[in-house]
Amino acid sequence: MIVRGSLRRILAVLLLPVGLVCLAFPAAQLVLKDEAGLIDDTRAWFGAGTAEGVPTVSQVSCLSQRYGSSSQRGIGLSEWQCVLDLAAAAKPAEDDPFAGRSYDEGMKEYNRRLMAQLDGLRRGASLPSRLERVLPSDRSGDLPVLRRLSAEGEPPRFGAVWGGGEILWRWLAWLLVSSVFLAFGAACLFAAWMGRRG
């Protein structure tokens, strides 16, 4: 009986941190390292940020990853690691800076446009060439619209907006995974509590 009680207490000590980590995982997944980009993409979907001067998505490539059973009939979860290749934003066509202006005014306008182009090139050099997203479905070839969420002078951060209620499916997938972790964490804490009592 003494040995059994000691084993229960050791098991309780082991299960307690496992349960706490499982309970904290859903929130930590969003707050600490949002690999899926769920928060940024949700903010962009609701219209946060700006669409001006952002790069365009030229290509989306996704690879499937499955967790749990590898069988299609078994219990498992499939998700898609997607890479979004970015291209520089298209520059609007501009008229002749000398049209309808004197030579001096035309030179001023020409120099202003030249400085604006150089400033755009400097800003473009700091932009990422690709974004990564973890999605519940294959979005290969489906090009989202980007919105810039970071302020001027901050490291660039973008939200990607897909059509067809894609963001809803992503939140449902997060809720499904979170419910599994919460249930397992609660079971571990209950077993730890019962072990401490016994």
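Caption draft 1: How the structure looks around helix α2 (residues 38-45). Among the residues making up α2, those that are buried are L38, D40, D41, T42 and A44. A positive phi of about 95° marks G47, the residue just after α2.

Caption draft 2: Focus on the nonpolar core. One finds V57, V60, C82, L84, L131 and L146 to be the most contacted residues of the largest nonpolar core, which totals 13 residues. Dropping the residues within four chain positions of it, L84 is found in contact with V57, Q59, V60, S129, R130, L131, R133, P144, A160 and W162.

Caption draft 3: How the structure looks around the pattern of salt bridges. Applying the stated criterion across every chain, the model contains 7 salt bridges. A salt bridge links D85 to R130; the shortest N-O distance between them is 3.3 Å. Of the two residues, D85 is situated in strand β2 (residues 76-87) and R130 in strand β3 (residues 130-135); the sequence distance between them amounts to 45 residues. Members of the salt-bridge network, linked through shared partners, are D41, R133, E166 and R170.

Caption draft 4: Region of interest: the packing of aromatic side chains. For the structure shown, the criterion picks out 4 aromatic pairs. Considering the side-chain rings of F25 and F181, the 4.2 Å spacing of their centres and the 25° angle between planes classify their relative orientation as stacked. You can see F25 sitting in helix α1 (residues 2-31) and its partner F181 sitting in helix α4 (residues 166-197), a full 156 residues away along the chain. For F25, a relative accessible area of 29% translates into the label partly exposed.

Caption draft 5: Region of interest: the environment of A27. Along the chain, A27 falls in helix α1. Expressed as a C-alpha distance, the spacing of A27 and S178, which sit 151 residues apart in the sequence, is 8.6 Å.

Caption draft 6: Layout of the state of the cysteines. Enumeration over the complete set of coordinates arrives at 1 disulfide. Between the sulfur atoms of C62 and its disulfide partner C82 the distance amounts to 2.1 Å. Looking down the S-S bond of the C62 and C82 bridge, the torsion is 110°, so its handedness is right-handed. Placement of C62 in strand β1 (residues 56-68) and of C82 in strand β2 is noted, with a sequence separation of 20 residues between them. Each member of the pair, C62 as well as C82, is classed as buried. Left unpaired, C22 is separated from the closest cysteine sulfur, that of C188, by 5.6 Å. Looking at C22, the relative accessible area reads 9%, which means it is buried. Taking relative accessible area as the criterion, C188 reaches 5% and is therefore assigned buried.

How each quantity is defined
- Residues numbered from 1 in each chain as written.
- Predicted model: local features only at pLDDT ≥ 70, side-chain atom pairs only at ≥ 80, totals over all residues.
- Heavy atoms only, no water.
- Buried < 20%, exposed > 50% of the residue type's maximum accessible area, 1.4 Å probe, protein only.
- Helix = DSSP H or I, 4+ residues; strand = E, 2+ residues; numbered from the N terminus.
- Core = buried A, V, L, I, M, F, W, Y, C linked by side-chain atoms within 4.5 Å.
- Contact = heavy atoms within 4.5 Å.
- Salt bridge = Lys/Arg side-chain N within 4 Å of Asp/Glu carboxyl O.
- Phe/Tyr/Trp six-rings, centres within 6.5 Å; stacked < 30°, edge-to-face > 60°.
- Disulfide = S-S within 2.5 Å.

Geometry only, nothing functional implied.
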